[in-house]
Amino acid sequence: MDRLRSAFNNMIKSEQYSRFTLQPAEDGERHVEVKLSDDATDDTTEVEGQAGGSPSFRPVPLRQDRRNICYLALGALLIFVTGYMVGFISHRKPRVEPPVNQEPEIETPPPASAPAPDPQLDWQDLTQLLTQKLTSEAFDKTLRDFDRPSRSAGSADDMHLANLIFDDFKKLEMDPWTDIHFAQLQMPNSTKPNRVLFESNVFEPTGYLAYSATGEVQGKLVYGNYGRQEDLDVLQKKSVELKGSVLLLRCGKITFAEMVDNAATKGAAAVLIYPDIQDYKYLADTALYGHVHLGSGDPYTPGFPSFNHTQFPPTQSSGLPKIPAQTITANMASTLLKSIDGPESDMSSGFKGGFTSVSYRLGGSKNITVEVNNVLVNRELHNVFGVIKGFADPDRYVVLGAQRDAWGKGYTRAAVGTSILMELAKTFHNMVENDGFRPRRSIVFASWCAGEFGNVGATEWLEAYMSSIDRSVFTYINLDGAVMGRGSFMASASPLLYSLIERTMKEVRNPVGAGTVYDMVGKSNWRANVLKPIKMDDPAYPFLASSGIPSISFRFISPNTECYPYYGTSLDNMDHLDYQTNHRTGEMTALAAQFAGQMALRLVHDHLLFLDVSRYSNVIIQAVSKVNKRINQLSKSGDLKGVSPNWLNRAGNAFRRAAQNINTFIDNTDCNDKEACRILNDRIMRVEHSLLSPYVSPIEAPFRHLLLGRGSHTLASIAETADMEQLHTQLALATWTLQGSANALTGDIWDIDNEI
């Protein structure tokens, strides 16, 4: 360093230097003067500047010691390097976390109490974590916590549960929020009970059917089996008058609302519904509860949400019944059937029930009076939500939901589903917090209110966000009724989810033996054994048929049964479910949670949504074929003229080609290309919603789905209608709905295959 300093000083004190001056001359020209100075000599050279040009000069080179120049260069370099290192250390930015699914650069080992998450968890790791955390021991406790003596919608008990769930979501840091609605619920009149009068008998049943028409009606008593269309056709063939009658029906096969609607269509004046001991083997004096709204949500705000600030128009749902309906006990029904007269039913008709002391005559001659005095009450309903936000596409989410209310204890109906919901929330939160789980998309957990009145809470939420919800929610997983028994498995879902059901069955263990659920249901014929049509009273139905969101309900159930016999009664309690599960309710609930959890994991983990569009192709082709067959029959008979099914066939084929094309795109898409995956996922998400008919009113026909909905716009209705004018119109509208779905699936407008 001393040598460098000495060299620098010698250079500064050098006796030789150069000096440049630019001086004006007397003639106005400028002269450049270059002086080279030395102690011995003082020579001066003047260079005349050229007019219009630039001065030019060639200075004499400096004479310095080369070693000094080297030392100077080294010193400058050393100073520069030292300054750079000081600046880098003092201004270094903190380490930025790497993006999701990329290997982070580890600078320092993390503390032992908080292990660094591994974003590269593979599918096997995730499912293993899920299974380890969802244990029967955990569910034994949660089920006890949510086992309540009363949970009526909008009651103080229901509100307490809502607050409890909200607090749990808050503890889990899930940003909870509450969706509040003010709905009209129909309740029994506490001062004027409903009554049934027959001969000398006066019955005052405690059970009731919400949204029944009120008033007093008298008519001839007629027994109509399950109240299906084919049952009522049998009565008419037997010359039993249905107009103005009071139909006695046994519950099962179809919903209460469908029973009442069928009866009203035939001109009946009222309906009585009872549980026959052939189908429901429990105490004969058990009261029965339910609703008869042929729709979902608040029937007094059809098509729009029942927020407090909504201006309620003077309109009602078209699904509200026009005739009174009332439930009675099996004992009351037995009394009526013993006194009924009229022709006997044929053995082949299936009208015979389980009462050995009665002949199940069809009636039609004795009067009966039905008096319904239900009243409407305005109830505040709270839907409670929590969310685990996705790391790549947080604005896309799967929703897991369970209803919180029930008639009576509602153990199977509400406590089991709510327990699964909360344990899944805890498990997913724990996996994100401690195990490095990084879901690409968000998971929303929803606790619904007023499910027993026709999925009121869930439907009002769907109506509130109708214009945008289908672009965000790509699947709904219903948790209600997930455990009804042990030994069998069933599911009702959108065809888009069939492949997901199959894949999940192969990964969840068999509860009654070796292998998986797939082995339990029978590999070779799993579709016939597992997949059941989704019914209108299914909590997933409004998501699918009204909002166009792929949805699923599933249930573990006892063999050779399709429904839980204690729904809608005071017998829906822990003891009866324990009996159905062979006292393994906790184990079966954990298994159901693993099934729902694995479906949700698959939907938020994979780059591409696990929604199989090709599954819809077969469903559409089958539905179109039925319409073709119907049109050809009518054309040959001369009842239908000038109508061809060719356009509908072309629309169906266009959908099939679009489904094949999207599968090709999937095969050729680089899953690491986030933008390409998002574009493809958006196309897949549009499929279900594009099958909603844009030509029907949500007030008159809320279930707008072309294939799975209800109304004259559906392909099933077109294949059965006897109204030729309606067939002609609806065929055209259905054709363009189906073609529009194919166009939406195609994606870019220049790729659309419009052969119609």
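Each chain carries its own residue numbering, running from 1 in the direction its sequence is written. Residues qualify for local features only when their pLDDT is at least 70, as the model is predicted, and side-chain atom pairs are given and counted only at 80 or more; totals for whole chains, interfaces and linings, by contrast, use all residues. Side-chain numbers come from the whole structure's heavy atoms, not from hydrogens or water.

## Things to note about the side chain of Glu502
Helix and strand definitions follow DSSP, with helices as H or I runs of at least four residues and strands as E runs of at least two, each counted in order from the N terminus. Within the secondary structure, Glu502 sits in helix H11 (residues 498–505). Three exposure classes are used, based on accessible area relative to the maximum for each residue type with a 1.4 Å probe and protein chains only: buried under 20%, partly exposed in between, and exposed over 50%. Judged by its relative accessible area of 15%, Glu502 falls in the buried class. At 3.5 Å, the side chain of Glu502 and the side chain of Tyr518 are in polar contact. Whether two residues are in contact is decided by their heavy atoms, any of which lying within 4.5 Å being enough. Beyond its immediate chain neighbours, meaning those up to four positions away, Glu502 contacts Tyr518, Trp526 and Arg615. Contacts described as polar in this section are N or O atom pairs within 3.5 Å, which, within protein, must combine one atom able to donate a hydrogen with one able to accept it, while residues neighboring in sequence count only if both atoms come from side chains.

## Focus: unusual backbone geometry
Negative phi is the rule for most residues except glycine; trans is the rule for most peptide bonds. Positive phi is not limited to glycine here, since Asp175 has a value of about 45°. In this fold, Asp175 is placed in the loop between helix H5 (156–171) and strand S4 (177–187). A residue is classified by how much of its surface remains accessible, and Asp175, at 46% relative accessible area, is partly exposed.

## Some details on the pattern of salt bridges
We define a salt bridge as a side-chain nitrogen of Lys or Arg found within 4 Å of a carboxyl oxygen belonging to Asp or Glu. What the rule picks out here adds up to 29 salt bridges. Among the ionic pairs, Arg678 bridges to Asp395, the shortest N-O distance being 2.6 Å. You can see Arg678 sitting in helix H19 (residues 674–690) and its partner Asp395 sitting in strand S15 (residues 393–403), a full 283 residues away along the chain. Exposure remark for Arg678: the relative accessible area of 23% places this residue in the partly exposed category. Between Arg413 and Glu452 there is a salt bridge, with the nearest N and O atoms lying 3.1 Å from each other.

## Details of the sheet that holds strand S16 (residues 441–448)
Any two strands are treated as partners once DSSP identifies two or more bridges connecting them. If you walk across this open sheet you meet the 7 strands as S4-S14-S16-S15-S17-S19-S18, and the pairing is mixed. Edge positions in the sheet fall to S4 and strand S18 (488–493), since each of these pairs with one other strand and no more. Taken over all neighbouring pairs, the strand axes of this sheet differ in orientation by 20° on average, direction set aside. In terms of strand pairing, S15 meets strand S17 (residues 473–478) through 5 bridges, oriented parallel. Directly across from Tyr397, in S17, lies its bridge partner Val473. Axis definition: a line fitted to C-alpha atoms, limited for helices to the stretch in contact. Angles are taken between N-to-C directions and run from 0 to 180 degrees. Against the sheet, helix H9 (residues 411–434) engages strand S14 (375–388), S15 and S16, with an angle of about 150° to S15. Strands S15, S16, S17, S18 and strand S19 (551–557) of the sheet are contacted by helix H16 (residues 585–605), whose axis makes an angle of about 155° with S19.

## Regarding the packing of aromatic side chains
We call Phe, Tyr and Trp rings a pair once their centres come within 6.5 Å, taking the six-membered ring for Trp, and we label the pair stacked below 30 degrees between planes, edge-to-face above 60, and tilted otherwise. For the coordinates displayed, the defined rule picks out 30 aromatic pairs. Note on Phe428 and Phe437: the rings are 6.2 Å apart at their centroids and 35° apart in plane angle, and the pair reads as tilted. Each member of the pair Phe428 and Phe437 is classed as buried. Taken together, the ring pairs in this structure connect Trp177, Phe385, Trp448, Trp461, Tyr465, Tyr476 and Phe543 into an aromatic cluster. A positively charged side chain is recorded as over a ring if its NZ (Lys) or CZ (Arg) lies within 6 Å of the ring centre. The angle to the ring normal must also be within 35 degrees. Over the ring of Tyr567 we find Arg413; its NZ or CZ atom is 4.6 Å from the centre of that ring. Lying over the aromatic face of Phe665, Arg683 brings its terminal NZ or CZ to 4.9 Å of the ring centre.

## With respect to the pairing of S16
Where burial is concerned, most of S16 is hidden: 8 out of the 8 residues are buried. Looking at chain direction, S14 and S16 are connected through 5 bridges and run antiparallel. Along S16, the bridge assignment pairs Val387 with Val444. Pairing between S15 and S16: 8 bridges, direction parallel. Bridging from a neighbouring strand, Val398 pairs with Ile443 of S16. When the strands point away from the viewer, a crossover counts as right-handed if the path from the first strand over the helix to the second runs clockwise. As for the winding sense of the linkage, the β-α-β connection from S15 through H9 to S16 is right-handed.

## A closer look at the state of the cysteines
Here a disulfide denotes a covalent bond joining the sulfur atom of one cysteine to the sulfur atom of another. Cysteine sulfur pairs qualify as disulfides if the two atoms are within 2.5 Å. Applying the stated rule across the entire model yields 0 disulfides. You can see Cys677 has no disulfide; the closest cysteine sulfur is in Cys671, sitting 4.9 Å from it. With relative accessibility at 4%, the residue Cys677 sits in the buried group.

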